[in-house]
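Tertiary structure, described
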Amino acid sequence: MKASAIANANIALVKYWGKRNKELILPNNTSISMTADGLYAHTTVEFDKKYKEDIFVLNGRELREGSREYDEYIGLFLKVVREKTKEEDRVKIVSNNNFPTAAGLASSAAGFAALATAFNKALNLDLDKKDLSILARRGSGSATRSIFGGFVEWKKGEKKDGSDSYAEQIASLTYWPDFRMIACITSKKQKKISSRAGMARTVATSPMYKSWLLGIEQDIEKVKKGILKRDFTLVGRTSEENCLKMHATMITTQPAIIYWNKSTIETIQSVIDWRNKGLECYFTIDAGPQVKIMCLEKNVDSIIKRCKKLEGVKDVIVIKPGEGAKITNEHLF
Ligand code: 2P0
């Protein structure tokens, strides 16, 4: 009844922003991401009668039932798992991320992909990757994509029960090995508005949300085609535009959601400037202040050197396409 798993975060090229069903975590739009090598969650779970209550320790800190962080995420997910499996024993969960939690580096994606994978083993659920991506989705939408490695599409699906809203691999991590993202960390603080709350507010109030949805299918087609043809310009340009469209819906939410800080903007402007001078790179930004710069491996050193000169950039992380979630024998307790 004890199992451990490791799952990488992922960075979206075509973003997920907004749900059509909050309980089942069903998105309004299809999204595409790259699984991020080296930005991972490592999670151990154990179901046992010796536990009198569920225990959840995230990065060394115990979160308890009754706290918002626990009830809105792990508590809801445990309910889903218990309904599905009828498991009555309490569970201990210990999870560590090797990157800043909740600052726009998809910690919930890595966390719930690792948790679903560990539950699958500990409870002998025997789910295949498609069904595992559906289970991970019930923890956090973006976790759906982290089950697979390389480049991944999360199909929004049409059905009310969510059975057709799952992830599929577009291309494996070896298909485009020189694709890189350079994450520029501009703040390590916890963000003020969670993605979950932010997207709900955007759907409810942004006058631009309808046009966001109208443009999605085209972006999906372009990015998918770009990945399959290894057309860096097509993927980079489309992803950057898609990111800006998502942020336009956030900024026009009432009250406005602005995840950027001044170094986010400085980095955006630098990327545009470098590109105009012939160094091909594009940016993407999620629900946080970090800027991820897309480039090819041959330009990594030159871009890192430039990023390090930017005043507000505290850390630079180079990210390759990574593996999907997997079981490990290394237990955390
Ligand atoms: C993405 N984000 O596609 C987009 C881009 C943030 C901006 O997926 O409510 O933490 O748990 O389903 O998965 C963040 O949303 O939200 C996210 P829930 P999640 O990567």
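Within each chain, residue numbers correspond to sequence positions counted from 1 in written order. Per-residue local features are limited, in this predicted model, to residues with pLDDT of at least 70; the limit for side-chain atom pairs, both in listing and counting, is 80 or more; totals at the level of whole chains, interfaces and linings are taken over all residues. Side-chain descriptors were evaluated using all non-hydrogen atoms of the structure, hydrogens and water having been removed beforehand.

Looking now at the sheet that holds strand E11 (residues 282–284). For two strands to pair, DSSP has to find at least two bridges joining them. Helix and strand definitions here come from DSSP, where helices need a minimum of 4 consecutive H or I residues and strands a minimum of 2 consecutive E residues; each element is numbered from the N-terminal end. As summarised here, the arrangement of the 4 strands in space is E11-E12-E10-E13, forming an open sheet in which the pairing is antiparallel. Two strands close off the open sheet at either side, each with one partner strand: E11 and strand E13 (315–319). With strand direction ignored, the average angle separating the axes of adjacent strands in the sheet is 25°. Note that E11 and strand E12 (residues 291–296) share 3 bridges and pair antiparallel. Axes, fitted as lines to C-alpha atoms, cover a helix only where it is in contact. Angles between the N-to-C directions of the axes lie from 0 to 180 degrees.

Moving on, we get to the packing of aromatic side chains. Stacked, tilted and edge-to-face pairs are distinguished by plane angle, under 30 degrees for stacked and over 60 for edge-to-face with tilted covering the rest, among Phe, Tyr and Trp rings (Trp via its six-membered ring) whose centres lie within 6.5 Å. In this structure the tally under the stated criterion is 9 aromatic pairs. Between Phe179 and Phe232 the ring centres are 5.8 Å apart and the planes differ by 65°, which places this aromatic pair in the edge-to-face class. Of this pair, Phe179 sits in strand E10 (residues 179–185) while Phe232 sits in helix H7 (residues 232–251); the two residues are 53 residues apart in sequence, bridging distant segments of the chain. As far as the burial class goes, Phe179 and Phe232 line up, both buried. Here the aromatic cluster, defined as three or more aromatic residues joined through ring pairs, consists of Phe151, Trp176, Phe179, Phe232 and Tyr282. Two limits define a charge over a ring: the Lys NZ or Arg CZ must be within 6 Å of the ring centre, and within 35 degrees of the ring normal. Between the NZ or CZ atom of Lys129 and the centre of the ring of Phe148, over which it lies, the distance is 5.5 Å. Above the plane of the ring of Tyr166 lies Lys130, whose end atom (NZ or CZ) is 4.7 Å from the centre. Here the term buried applies to any residue with accessible area under 20% of the maximum for its type, exposed to any over 50%, and partly exposed to those in between, with areas from a 1.4 Å probe on protein chains only.

As a further point, take the domain arrangement of the chain. Interface extent is often summarised as the accessible area lost during association of the parts. With domains assigned, the chain is organised as domain 1 (2–174) and domain 2 (179–319). Where each domain begins and ends follows an automated or database-derived domain assignment. Taking only C-alpha atoms, the centre of domain 1 and the centre of domain 2 are 23 Å apart. Of the residues lining the interface, 34 residues belong to domain 1; the matching set on domain 2 comes to 45 residues. We count a salt bridge whenever a side-chain nitrogen from Lys or Arg sits within 4 Å of a carboxyl oxygen from Asp or Glu. If you look at where domain 1 meets domain 2, you find 2 salt bridges. Close ionic contact of Lys224 with Glu153 constitutes a salt bridge, the shortest N to O distance being 3.1 Å. Contacts between residues were defined by any pair of non-hydrogen atoms, one from each residue, lying within 4.5 Å.

Neighbouring the ligand are 17 residues; Tyr16, Lys19, Ser140, Gly141 and Ser142 lie closest to it. Polar contact criterion, stated in full: a pair of N or O atoms within 3.5 Å, where within protein one must be able to donate a hydrogen and the other to accept it, and residues adjacent in sequence count only if both atoms are side-chain atoms. Note that an oxygen atom of the ligand is positioned 2.6 Å from one of the side-chain N or O atoms of Tyr16. Between the ligand and Gly141 there is a distance of 2.7 Å, counted from an oxygen atom to a backbone nitrogen or oxygen. The Shrake-Rupley method, run with a 1.4 Å probe sphere, supplies the accessible areas, and residue values consider only the shown protein chains as cover. Bound to the protein, the ligand loses 94% of the 470 Å² it would expose on its own. To be near a molecule or strand, a residue needs just one of its heavy atoms within 4 Å of it.

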